[in-house]
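Fold and contact review
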Amino acid sequence: MDNLTFPDTVQLAVPFFILAIVLELTWITIKRRGGRYETRDAMTSVLLGAGNVVTGILLGFVAWGFYNWVWQFRFFDLGTSIPIIFICFLLDDLRYYWVHRFGHTIRWAWASHVVHHSSQHYNLTTALRQTWTGEFTGLMIVSVPLLLLGFHPAMVLFVGGINLIYQFWIHTEAITKMPRWFEAVMNTPSHHRVHHGRNAQYLDANYAGVLIIWDKMFGTFVPEGEKVDYGLVVNLGTFNPIRAAFHEWIGIFKDITQPNISMSDRFRYAFAPPGWSHDGSRDTSRIIKRKYVERNPEAKGKPGL
Amino acid sequence: MPLHILGPMVLIGIISIGILLHLLGNSKRMVFTNADQVIDRWHREHPETSVERVEISDSGHQALVKTDAGIGLIWVMGFDTASRIIALPIETKNRQSGISIKLNDFTAPRIKVDLNTEQNQSHWIAILAAKEPSWTT
Ligand SMILES: [Zn+2]
Ligand SMILES: [Zn+2]
């Protein structure tokens, strides 16, 4: 069982990704609605996607080695039957929810995940806009319970890959809403558009991977209402993929090495929520929401505010 | 998937999507045609500030705003915009048909402003050097 192999699903999906992008683009061009494509923005996204695959090949051994090291301390060995793979997929989706939530609420993890949110567009190429530095966040520890329960490392990586592939198709404006029952249970284009919004009410919402139920359970679900304004609170002023990939790490480095602040402030610059500052010169999403409600009192009590 | 298949496939995929996008006219850039449009885009990222004055560059791809929170620079990113509050005085360099502004910002290191006449260039340089009375706060 230790030489178990699962197909590398994300790499296998590449031709379908390319085909789907061409189809979406064709649809938008013919219908003149359902999204926008901008050349440089889309190029930045796909180059970041390609770089993500490269860094995955180069650094994948870190997570793989860590998973296998944890695996030796497992309490059970659940095998690889179809029901076990299915349960693993569900539990891993819960794992994804928390990794993603930490990715937005701890700056150290945000430095990696911010890349995915750095486009002002929302189309299938945005799905490919992925981090190059995921291995540096240390969030692979969130998989530890799964491994200790006896889900094999190869299976855990496999279902995680399926999860990411599922999320590809939801990065579109071409689909407005799915059937009611589907919207109730699954993560959909509508739910995930909210997640990519920089509107105050949409910040820190809808962390789901495949099932939206986790957001409903943990109180982070916000339904799509007002038009989504995609991108970051402070948008990037460059299309350079290298700058997009590393900018928040540079930001952390600059902040923690500045003179005349305390050690605990330096610590907070790395691990407090994004937007935290020792002098209050920046806004966290909580403050952005509060200020928004002050300017728009009628919005008080709306989901996400 | 073996790398000697994945690599070329990704490369050809990226290049063809790029060419297709360009041929379909998706490389166009937003153009600022009036102050209200600039203010509207500025408020998107700086909703708490009030804008007192706007100066649009000759190409309409960049603009300066004077706000109650300081001087702001806003520029076009494809169909969209990015913007920053900038601390004056700020270093500028003369470039062919314009000036370039160096921001101390990894996500927006240098912004080129398109200014066709010497008069417009010196006007912007004066504002950015904090030597233009109507633009000093
Ligand atoms: Zn996210
Ligand atoms: Zn996304």
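Look above for the structure.
Keep in mind that this is a model prediction, so the values were computed, not measured. (Residues numbered from 1 in each chain as written. Chains lettered and ligands numbered in written order. Predicted model: local features only at pLDDT ≥ 70, side-chain atom pairs only at ≥ 80, totals over all residues. Heavy atoms only, no water.)

Focus on the overall build of chain B
In terms of helices and strands, chain B carries three helices and seven strands. Mapped from its N terminus to its C terminus, chain B presents α and β elements in the order α-α-β-β-β-β-β-β-β-α. Computed over its C-alpha atoms, the radius of gyration of chain B comes to 19 Å, more than 25% above the 14 Å expected for a compact globule of 137 residues. If you line up chain B on its principal axes, its C-alpha atoms span 65 × 35 × 25 Å. For chain B, restricting intrachain contacts to residue pairs at least 6 apart in sequence, the fraction spanning at least 24 positions comes to 44%. In the structure as shown, chain B presents an accessible area of about 6,900 Å², 55% of it carried by carbon and sulfur atoms. (Helix = DSSP H or I, 4+ residues; strand = E, 2+ residues; numbered from the N terminus. Rg over C-alpha atoms; globule rule 2.2 N^0.38 Å. Contact = heavy atoms within 4.5 Å. Areas by Shrake-Rupley, 256 points an atom, 1.4 Å probe, with all protein chains shown as cover.)

Some thoughts on the coordination of the zinc ion (ligand 1)
Residues and elements named next belong to chain A. Every protein donor of the zinc ion (ligand 1) is listed here as His-100 (NE2), His-104 (NE2), His-113 (NE2), His-117 (NE2) and His-195 (NE2), and their distances to the metal cover 2.0 to 2.1 Å. Read from N- to C-terminus, the donor residues coordinating the zinc ion (ligand 1) fall into the pattern H-x3-H-x8-H-x3-H-x77-H. In this structure, the zinc ion (ligand 1) is positioned 5.8 Å from the zinc ion (ligand 2). Residue classification places His-113 among the buried positions, given a relative accessible area of 15%. (Donors = N, O, S within 2.8 Å, 3.2 Å for Na, K, Ca; no water. Buried < 20%, exposed > 50% of the residue type's maximum accessible area, 1.4 Å probe, protein only.)

Thoughts on the packing of helix α1 (residues 9-31) of chain A against helix α7 (residues 153-169) of chain A
Residues and elements named next belong to chain A. It is at 10 Å that the axes of α1 and α7 come closest, and there the two elements cross at 5°. Taken together, α1 and α7 sit at an angle that is classed as roughly parallel. Contact residues: Thr-9, Val-10, Ala-13, Phe-17, Ala-20 and Ile-21 in α1; Phe-158, Gly-161, Ile-162, Ile-165 and Phe-168 in α7. The residue makeup of the contact of α1 with α7, split by class, is nine nonpolar, two polar and no charged. (Axes fitted to C-alpha atoms, helices over the stretch in contact; angles between N-to-C directions. Parallel < 35°, antiparallel > 145°, perpendicular 65-115°, else oblique. Nonpolar A, V, L, I, M, F, W, Y, C, P; charged D, E, K, R; others polar.)

Remarks on a nonpolar patch on the surface
All names here are of chain A. A cluster of nonpolar side chains, contributed by Phe-75, Phe-76, Leu-78, Phe-86, Ile-87, Leu-91 and Leu-149, occupies part of the molecular surface with about 670 Å² of accessible area. Broken down by element, the residue count for the nonpolar patch peaks at three residues, all from helix α3 (residues 82-105). Residue placement: Leu-91 occurs in helix α3. (Patch = residues over 30% accessible without salt bridge, like charges linked within 9 Å, V, L, I, M, F, W, Y side chains within 5 Å. Salt bridge = Lys/Arg side-chain N within 4 Å of Asp/Glu carboxyl O.)

Things to note about the interface of chain B and chain A
Contacts between chain B and chain A engage 35 residues on the former and 42 residues on the latter. Inspection of the chain B/chain A interface yields three salt bridges. Residue Asp-80 of chain B pairs with Arg-36 of chain A through a salt bridge whose shortest N-O separation is 3.1 Å. At the boundary of chain B and chain A, one finds 14 residue pairs in polar contact (both at pLDDT 80 or more). Elements that contribute at least two residues to the side of chain B that touches chain A include exactly α1 (3-23), α2 (35-45), β3 (70-77) and β4 (80-86) of chain B. When residues in the side of chain B that touches chain A are grouped by element, the largest group, eleven residues, is from α1 of chain B. A class-by-class count of the residues in the side of chain B that touches chain A yields 18 nonpolar, nine polar and eight charged. (Polar contact = N/O pair within 3.5 Å; in protein donor to acceptor, adjacent residues only side chain to side chain.)

Some points on the packing of α1 of chain A against α1 of chain B
Direction vectors running N to C along α1 of chain A and α1 of chain B enclose 10°, while the axes themselves pass 10 Å from each other. Our classification of the angle between α1 of chain A and α1 of chain B gives roughly parallel. Facing α1 of chain A, whose interface residues are Gln-11, Val-14, Pro-15, Ile-18, Ile-21, Val-22 and Leu-25 of chain A, α1 of chain B presents Leu-6, Met-9, Val-10, Gly-13, Ile-17, Leu-20 and Leu-21 of chain B. Of the residues that constitute the contact of α1 of chain A with α1 of chain B, the class distribution is twelve nonpolar, two polar and no charged.

Section: the sheet that holds strand β1 (residues 51-56) of chain B
Each strand in a sheet pairs with its neighbour through backbone hydrogen bonds, running either in the same direction (parallel) or in the opposite one (antiparallel). All names here are of chain B. What the four strands build is an open sheet, ordered β1-β2-β3-β4; its pairing is antiparallel. Among the strands making up the open sheet, the edge pair consists of β1 and β4. Strand-to-strand twist in this sheet, taken as the mean axis angle between neighbours without regard to direction, amounts to 20°. By the bridge criterion, five bridges tie β1 to strand β2 (residues 62-67) in an arrangement that is antiparallel. (Pairing = 2+ DSSP bridges.)

Points about the coordination of the zinc ion (ligand 2)
Residues and elements named next belong to chain A. The zinc ion (ligand 2) binds to the protein through His-116 (NE2), His-171 (NE2), His-192 (NE2) and His-196 (NE2); the donor distances cover 2.0 to 2.1 Å. Considering all four donor atoms around the zinc ion (ligand 2), the spread of angles at the metal, 96 to 154°, places the coordination shape in the irregular class. One chain supplies every donor to the zinc ion (ligand 2), and in sequence these donors are spaced H-x54-H-x20-H-x3-H. (Tetrahedral: all angles 85-135°; square planar, octahedral: opposite > 155°, others 65-115°.)

Honestly, it's all geometry; don't read function into it.
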